[in-house]
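Single-letter residue listing:
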Amino acid sequence: MKRIRIGLIGAGSAARGIHLPGFQLCEGVEVTAVCDRDAKAAEATGVAARFEDYQELLASGVDAVVIASPNHTHAEIVREAAAAGKHILCEKPLALNLEEARGMLEAVEQAGVVHMTAFTYQFTPAVNYLRHLVKSGALGRIRSVRAAYLMALSTHLLGWRSSREFAGSGVLADIGSHLIHLIRFTAGEIAGLTAAQRRFREDPSSDVEDWIAFLARLEEGACGTVEISRICPGRGAGITEEMFIEVYGSEGSGVFSLQDPCGLQVALGEDGRNPERGLTRREVPAEFLKIEGSPREVQAHPPRWGYRYDQAVQFVDSIRKGRAVTPTLHDGVRCQAVMQAALESCETGRWAEVAG
Ligand SMILES: NC(=O)c1ccc[n+]([C@@H]2O[C@H](COP(=O)([O-])OP(=O)(O)OC[C@H]3O[C@@H](n4cnc5c(N)ncnc54)[C@H](O)[C@@H]3O)[C@@H](O)[C@H]2O)c1
């Protein structure tokens, strides 16, 4: 098995909390270099080779890079890393806007490198079970999707996340990008939408929204209502935050909550047909608890966190097989197109079609 050398660009919370422990589980893989403008952040990773400039890291003999720096840095680093022939795992949201995201996809495709967007929640067991129920037809024809990502206002939103220049937008880019990917992953593509946004925080240093919602039309005909908010006291932040995806079909329903990553509320079969029956909780079947081939011991990590490490496992597997699988940079671009349509609709007050 060929050894894979990984370089981390950006050594903040995502790099240390998700990527580093994920790669540590992978056999034949070593994080050999780290780059951060803040030397202390790089040092805290414990990785031996440390740089302040990502160009030096690219020249240090790594096979692949993880780009976990703030959003405004992603586009340039992806282009340079692709030109240097490195496989790329780039954090979400891919870019500040759709044009930038498309340029990044073009760069990785031209370079022929393996690519992935870090839509980490795709690896949640209950999300994969929900997708399975939809794809297998157990819910019938999907009629509506009701989705929300709700958090309390926390200091997490301060710093680069509160500026359009560095983040692209507020809650939409930061947590809405995850939710949009999961709607696409479980229920289907969003074709058009009408959105509204607000900023409730009285913070002169911020120019981004902390609440945004939209009505959506899915390509297969379903309707969607989506709310993304960081003004919900009691909904937590970090490990306590909440995300829901409710999928209602002609034959049944599936309701996902991030706080129950290994369970799903469902109405299936007779429960779906009989209006007097309610939802019941099902344990996620064993085959969806981790991705195929994952070396992760399901019980070894907290249930709200451990599945995130499968992202690194899948990236490594894609590199070994030379073939990118969802979530790729293509998924990052599709998500960016939905976000762009939402921001456009907020500006114009009209329905916006999602660019193809
Ligand atoms: N997939 C997920 O679940 C998840 C979770 C958290 C964050 N993220 C994403 O990860 C990215 C980073 O977020 P974070 O929470 O780790 O932020 P953070 O602020 O904790 O860390 C970012 C780090 O990048 C460094 N940095 C800034 N500019 C740099 C540059 N040009 N080159 C190298 N390093 C640079 C900063 O010094 C900082 O240490 C963002 O895109 C964010 O949206 C994703």
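Residues numbered from 1 in each chain as written. Predicted model: local features only at pLDDT ≥ 70, side-chain atom pairs only at ≥ 80, totals over all residues.

## Brief notes about the packing of helix H1 (residues 13-24) against helix H10 (residues 310-321)
What counts, and what does not: What counts as an axis is a line fitted to C-alpha atoms, over the stretch in contact for a helix, and the angles between N-to-C directions run from 0 to 180 degrees. Helix numbering and strand numbering both begin at the N terminus, where a helix is a DSSP run of H or I of at least 4 residues and a strand a DSSP run of E of at least 2. Each angle is binned into one of four classes, with values under 35 degrees roughly parallel, values over 145 roughly antiparallel, values of 65 to 115 roughly perpendicular, and all other values oblique. The sense of a crossing depends on the near helix, which, turned anticlockwise from the far helix by less than a right angle, makes the crossing left-handed and, turned clockwise, makes it right-handed. A pair of residues counts as a contact when their C-beta atoms, built from backbone coordinates, are within 7 Å of each other. Asp, Glu, Lys and Arg are counted as charged, while Ala, Val, Leu, Ile, Met, Phe, Trp, Tyr, Cys and Pro are counted as nonpolar; the rest, among them Gly, fall into the polar class.
At a minimum axis distance of 7 Å, the contact between H1 and H10 shows a crossing angle of 60 degrees. Comparing their axes, H10 and H1 come out oblique. The hand of the H1/H10 crossing is right-handed. Residues Ile 18, His 19, Gly 22 and Phe 23 of H1 touch H10, and the partners they reach there are Gln 311, Ala 312 and Val 313. Residue classes in the contact of H1 with H10 are distributed as four nonpolar, three polar and no charged.

## Concerning the environment of Val 145
Structurally, Val 145 is set in strand E7 (residues 142-150). For the pair Val 145 and Gly 249, spaced 104 residues apart in the sequence, the C-alpha separation amounts to 8.9 Å. Once residues within four sequence positions are removed from consideration, Val 145 is found in contact with Ile 183, Ala 187, Leu 218, Ala 222, Gly 224, Ile 245, Glu 246 and Val 247.

## Re the domain arrangement of the protein chain
As a measure of interface size, the accessible area lost when the parts come together is often cited. Going by this rule: A domain assignment, automatic or from a database, supplies the domain bounds used here.
Here the protein chain is partitioned into domain 1 (4-120 + 308-326) and domain 2 (124-296 + 337-348). Computed from C-alpha coordinates alone, the two centres of domain 1 and domain 2 are separated by 25 Å. Each side of the interface is counted separately: domain 1 has 16 residues, and domain 2 has 18 residues. Counting residues per element, the side of domain 1 that touches domain 2 draws most heavily on H10, at four residues. Tallied by class, the residues present in the side of domain 1 that touches domain 2 amount to eight nonpolar, four polar and four charged.

## Observations concerning helix H4 (residues 74-83)
Because the α-helix completes a turn every 3.6 residues, residues three or four places apart line up on one side. Short version of the rule: To sort residues by exposure, count the other C-beta atoms lying within 10 Å of each residue's C-beta; 20 or more gives buried, 12 or fewer gives exposed, and values between give partly exposed, all with C-beta atoms placed from the backbone. This arc corresponds to the set of directions leading from the helix axis out to the C-beta atoms.
Residues of H4 that are buried include every one of His 74, Ala 75, Ile 77, Val 78, Ala 81 and Ala 82, and no others. Buried residues of H4, viewed axially, fall in a sector of 170 degrees; they line one side. Positive phi appears at Gly 85, one or two residues downstream of H4, with a value of about 80 degrees.

## As for the sheet that holds E7
So the rule is basically this: At least two DSSP bridges between two strands are needed for those strands to be called paired.
If you walk across this open sheet you meet the nine strands as E14-E13-E12-E11-E7-E10-E9-E8-E15, and the pairing is mixed. Looking along the sheet, the strands with just one partner apiece sit at the ends: strand E14 (280-283) and strand E15 (352-353). Bridge count for strand E8 (residues 190-198) against E15 is two bridges, and the pairing is antiparallel. Opposite Gly 192, over in E15, you have Glu 353 as the bridge partner. Lying over the sheet, helix H6 (residues 125-135) contacts E7, strand E11 (242-249), strand E12 (253-257) and strand E13 (263-267), oriented at roughly 165 degrees with respect to E12. Against the sheet, helix H8 (residues 171-186) contacts E7, E8, strand E9 (211-218), strand E10 (223-229) and E11, and its axis sits at roughly 150 degrees relative to E10.

## A word on unusual backbone geometry
Of note, the amide linkage connecting Lys 92 to Pro 93 takes the cis form, showing an omega dihedral of -20 degrees. Mapping Pro 93 onto the fold places it in the loop between strand E5 (87-90) and helix H5 (98-111). With an omega dihedral of 5 degrees, the bond running from Thr 326 to Pro 327 counts as a cis peptide bond. Mapped onto the elements, Pro 327 comes out in the loop between H10 and helix H11 (329-348).

## Let's talk about the environment of Ala 118
Summarising the element assignment, Ala 118 is placed in the loop between strand E6 (115-117) and H6. A C-alpha to C-alpha distance of 9.9 Å links Ala 118 and Thr 326, two positions 208 residues apart in sequence. If we ignore the near neighbours within four places in the chain, the residues touching Ala 118 are Leu 89, Cys 90, Glu 91, Lys 92 and Gln 311.

## Quick look at the pairing of E7
Pairing of E7 with E11, which is carried by eight bridges, proceeds in the antiparallel orientation. The partner of Ala 147 across the bridge, within E11, is Ile 245. The pairing of E7 with E10 spans seven bridges and is parallel. Bridge pairing links Tyr 149 to Ile 228 in E10.

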